[in-house]
Amino acid sequence: MRILAPFFVLACCSLGFSEHLEADQNILIPDHWAHMGRVRPTEEIELTFALRQQNLDRLEDLLLLVSDPSSPQYGKYLTLEEVTALVRPSQLTQKVVRQWLQSNGVSNCQTVLTQDFLQCSMTAQVAEAVLPGSEFHRYVSDDHSLVRSSSLYQVDGDVLQHIDFVGGVHRFPPKGQDLNEVLTKRRSEAKFHLGVTPAALRARYNLTATDVGSAQNNSQAVAQFLEQFYHPADLAEFMAMFGQGFQHRSDVDRVVGTQGGGKAGLEASLDIEYIMSTGANISTWVFSNAGRHESQEPFLQWLLLLSNMTDIPWVHTISYGDDEDSLSAAYMTRINVEFMKVGVRGISMLFASGDSGAGCKHLAKGGNCFRPSFPASSPYVTTVGGTSFKNPFKITYEVTDSISGGGFSNIFKMPDYQVGAVEAYLKAQSALPPKTYFNTSGRAYPDLAALSDNYWVVSDRIPIPWVSGTSASTPVVGGILALINDQRFRKGLPSLGFLNPRLYQLKGRGLFDVTEGCQNSCLDEQVQGKGFCAAASWDPVTGWGTPDYPAFLAALLEGK
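Residues numbered from 1 in each chain as written. Predicted model: local features only at pLDDT ≥ 70, side-chain atom pairs only at ≥ 80, totals over all residues. Heavy atoms only, no water.

Asks: Can you walk me through the packing of aromatic side chains in this structure?
Replies: Here a ring pair, both rings aromatic, is described through the centre-centre distance and the interplanar angle of the planes. One pass over the full model with this rule turns up 25 aromatic pairs. Members of the aromatic cluster, each reached through a chain of ring pairs, are Phe-238, Phe-242, Tyr-274, Tyr-455 and Trp-456. Directly above the aromatic system of Tyr-331 lies the positively charged group of Arg-171, at a separation of 3.9 Å from the ring centroid. (Phe/Tyr/Trp six-rings, centres within 6.5 Å; stacked < 30°, edge-to-face > 60°. Lys NZ or Arg CZ within 6 Å of the ring centre and 35° of its normal.)

This is how it looks when you write it as structure tokens:
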């Protein structure tokens, strides 16, 4: 009672105004979601309140120090408890937000160990009162149902400075790969191809039969969203078919979340089968984040899990992304903080660069510009692009896969660790796209790449060819980094953690440079469907190139 009393006065003295937290959030309903009507006032809604954190400049400084091999603090990672002590919201922020919620009748809330998120259940009527302007409706796509607001929300002026955003109000999950679309597209192209299998990958990237994990404290993970599930039987069958010649595991060690019993998801099957092929014989986890409630955001729920678990795998690969311009700056900025919280703990986060090349956005005033993707454009993750074999009939050198996502963020400035590499690319290219199409001062991506074209996958017990995308290349790189962690652990070295500062210092050492091919972009008179092109050293299509495992391992074992 003594705690709440002062905030009763605060509430009574409220100026009575409210403001938008995410005024720039896109609230258009994606075409593949059908509107089913407004939810009943008594229906339960679950919202996630992102409380404003402290010491964010210090957090970023620490991340760069522990990730830079030239720093005395390299590899001296923080525990989750130390991260909590650094960033947890002030007592004032926690009390103001809780009092505000309680004054609106919201009391069923849970927090995380870092104390910077509150997940609260309430009726739709209460949610709309807490967030003026919101109006919750149900939307359905295939077998999935979501509850979202069709209009922007506001929060009381008293709490505006204490909250970054509210989750569960906006943001529809991006549409994943559809198996029938993939097969139809590939068949229509009528291309013969050797096909990418674990054997092809291990041959191309110089992994021998002995290049498998053995360290007891090593681990890797994939994360799945929107009811994308893998099936253990598919993994076992895949390894029986394609895992000959190297020691491997055929079982996932831990599933965090709920595994569905329906059809396997193509992306889920792809991710788990290939991270366990390059990261062979390494303990593997699956984070399955369907969302317990229709109003939850699965990607956000996964981040909350990471803030609530003291022990998590050292490498995470995620095939998930959305257009930067469809998300609010407040949301993306806070998500970046979550990535920093993970990186400072020594964990490597890899995201697919996307499958739309440079992307394309039609501007209201006329003309087009490229369309970067997030989280691929985050300065605090390692982003993986895609390549193809030059000769599809044999294992040969690689060229750009035209779908490989890449470009420059319109939101986040170019981080210091990559300025030299990116400026060198921009200066050396004589045929860049027009400057009106991209932001030359933005975070540039991807950081490196791997094969992303024509994979074999087993899904629902059926071997499927022609599966492509950076959702294939990302777990391949993740498994290779997990193998390198394995070697580091055996030598008493720390995990790689946030790789980018070290990666850019290597300047391509240990990687096959990809110098041929361009990505897709806007079909207009000015660029005619061509985005950025590969070049010597770093480029915004394939980054620094693809892994040459023995050389990459040697480079990442040097020094510390």
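There is more to say, and it comes next.
Asks: Where do I start with the sheet that holds strand S4 (residues 108-111) in this structure?
Replies: Sheet strands pair via backbone hydrogen bonds, and the direction of the pair is either parallel or antiparallel. Taking strand neighbours across the sheet as the criterion, the four strands line up as S4-S5-S3-S9 in an open arrangement whose pairing is antiparallel. Single-partner strands in this sheet number two, and they are S4 and strand S9 (163-167). On average, adjacent strands in this sheet sit at an angle of 20 degrees to one another, irrespective of strand direction. The pairing of S4 with strand S5 (residues 117-123) spans four bridges and is antiparallel. Bridge pairing in S5 links Thr-111 to Leu-118. Here helix H10 (residues 298-306) sits on the sheet in contact with strand S3 (44-51), S5 and S9, set at roughly 135 degrees to S5. (Pairing = 2+ DSSP bridges. Helix = DSSP H or I, 4+ residues; strand = E, 2+ residues; numbered from the N terminus. Axes fitted to C-alpha atoms, helices over the stretch in contact; angles between N-to-C directions. Contact = heavy atoms within 4.5 Å.)

Asks: I tried to follow the packing of helix H13 (residues 470-490) against helix H15 (residues 549-557) on my own but got confused; where do I start?
Replies: A packed helix pair is summarised by two numbers, namely the angle formed by the two axes and the spacing between the axes. One can describe the packing of H13 onto H15 by two numbers: an axis separation of 10 Å at closest approach and a directional angle of 50 degrees. In terms of their interaxial angle, H13 and H15 are classed as oblique. Of the two possible hands of crossing, H13 and H15 adopt the one that is right-handed. Taken together, the residues of H15 that come into contact with H13 (itself represented by Ile-480, Leu-481, Leu-483, Ile-484, Gln-487 and Arg-488) are Tyr-549, Phe-552, Leu-553, Leu-556 and Leu-557. Counted by class, the contact of H13 with H15 contains nine nonpolar, one polar and one charged residues. (Parallel < 35°, antiparallel > 145°, perpendicular 65-115°, else oblique. Left-handed = near helix turned anticlockwise from the far one by under 90°. Nonpolar A, V, L, I, M, F, W, Y, C, P; charged D, E, K, R; others polar.)

Asks: Teacher, can you tell me more about the environment of Glu-82 here?
Replies: In this structure, Glu-82 sits in helix H3 (residues 80-87). A relative accessible area of 42% means that Glu-82 is categorised as partly exposed. Between the C-alpha atom of Glu-82 and that of Arg-345, which follows or precedes it by 263 residues, the distance is 9.3 Å. (Buried < 20%, exposed > 50% of the residue type's maximum accessible area, 1.4 Å probe, protein only.)

Asks: It is not clear to me how the sheet that holds strand S2 (residues 34-38) should be interpreted in this structure. Could you clarify?
Replies: Pairing within the open sheet is antiparallel, and its three strands lie in the order S2-S6-S7. Lying at the two open borders of the sheet, with one neighbouring strand each, are S2 and strand S7 (144-149). Neighbour to neighbour, the strand axes of the sheet diverge by 30 degrees on average, direction disregarded. Sheet topology places S2 next to strand S6 (residues 136-141); four bridges connect them, and they run antiparallel. What sits directly across from His-35, in S6, is Tyr-139.

Asks: I would appreciate a short explanation of the state of the cysteines in the present structure.
Replies: Should the sulfur atoms of two cysteines be covalently bonded, the bond is a disulfide. The tally for this structure, following the rule as stated, stands at three disulfides. Here Cys-109 is linked by a disulfide to Cys-120, with a sulfur-sulfur distance of 2.1 Å. On the sign convention where negative means left-handed, the S-S torsion of about 115 degrees between Cys-109 and Cys-120 marks this disulfide as right-handed. Of this pair, Cys-109 sits in strand S4 while Cys-120 sits in strand S5; the two residues are 11 residues apart in sequence, bridging distant segments of the chain. By relative accessible area, which is 21% here, Cys-109 ends up partly exposed. Covalent S-S linkage joins Cys-360 and Cys-522, the inter-sulfur distance amounting to 2.1 Å. Residues Cys-360 and Cys-522 are joined through a disulfide that is right-handed, its torsion about the S-S bond being 110 degrees. Note that Cys-360 is positioned in the loop between strand S15 (348-352) and strand S16 (361-362) and Cys-522 in the loop between strand S27 (518-520) and strand S28 (530-533), a separation of 162 residues in sequence. The class of Cys-360 is partly exposed, set by a relative accessible area of 23%. Under the relative-accessibility criterion, Cys-522 is labelled buried at 0%. Taken in N- to C-terminal order, the disulfide-linked cysteines of the protein are connected 1-2, 3-5, 4-6. (Disulfide = S-S within 2.5 Å.)

Asks: What is the right way to look at the side chain of Asn-281 in this model?
Replies: Structurally, Asn-281 can be placed in the loop between helix H9 (266-278) and strand S12 (284-289). Judged by relative accessible area, which is 16%, Asn-281 ranks as buried. Here the side chain of Asn-281 touches Gly-213 through a polar contact of 2.9 Å, landing on its backbone oxygen. Residues contacting Asn-281, with those up to four places away along its chain left out, are Val-212, Gly-213, Gln-247, His-248 and Arg-249. (Polar contact = N/O pair within 3.5 Å; in protein donor to acceptor, adjacent residues only side chain to side chain.)

Asks: How should I be thinking about the packing of helix H2 (residues 56-67) against helix H11 (residues 329-343) in this particular structure?
Replies: Their axes nearest at 9 Å, the elements H2 and H11 cross at an angle of 45 degrees. As the angle between them shows, H2 and H11 are arranged oblique. The handedness of the crossing between H2 and H11 is left-handed. Of H11, the residues touching H2 (which contributes Leu-56, Leu-59, Glu-60 and Leu-63) are Val-337, Met-340, Lys-341 and Gly-343. Class assignment of the residues belonging to the contact of H2 with H11 gives a composition of five nonpolar, one polar and two charged.

Asks: Just to check I follow, could you spell out the nonpolar core for this structure?
Replies: In summary, soluble globular proteins display a tendency toward joint burial of nonpolar side chains. Counting residues in hydrophobic clusters, the biggest one holds 145 residues, and the most contacted among them are Phe-49, Trp-302 and Tyr-455. Ranked by residues supplied to this core, first place goes to H13 with eight residues. When sequence neighbours within four positions are dropped, the list of residues in contact with Phe-49 reads Trp-100, Leu-101, Asp-116, Phe-117, Leu-118, Cys-120, Met-122, Val-130, Ile-163, Phe-165 and Val-166. (Core = buried A, V, L, I, M, F, W, Y, C linked by side-chain atoms within 4.5 Å.)

Asks: Please clarify how the environment of Ser-90 should be interpreted in this entry.
Replies: Tracing the sequence through the fold places Ser-90 in the loop between H3 and helix H4 (91-103). On the accessibility criterion, Ser-90 (22% relative accessible area) is partly exposed. Taking C-alpha positions, Ser-90 is 9.7 Å from Gln-115, a pair spaced 25 residues apart along the chain.

Asks: What exactly am I supposed to notice about helix H8 (residues 232-242) here?
Replies: Note on helix geometry: an α-helix contains 3.6 residues per turn, so any two residues three or four positions apart are oriented the same way. Inspection of H8 places Asp-234, Leu-235, Phe-238, Met-239 and Phe-242 among the buried residues, and these make up the whole buried set. Buried residues along H8 cover an arc of 130 degrees about the axis, so they all sit on one side. Close packing links the buried residues of H8 with helix H7 (198-204), H9 and strand S24 (455-459). (Arc of directions from axis to C-beta.)

Asks: Explain the confidence of the model for the protein here, please?
Replies: Close reading of the predicted structure is inappropriate where its pLDDT is low. Within the protein, residue pLDDT values average 90, and 91% of them lie at 70 or more. Segment residues 1-15: pLDDT under 50, and 12 contacts once partners within four positions in sequence are set aside and those in other chains are kept. (pLDDT = per-residue confidence, 0-100.)

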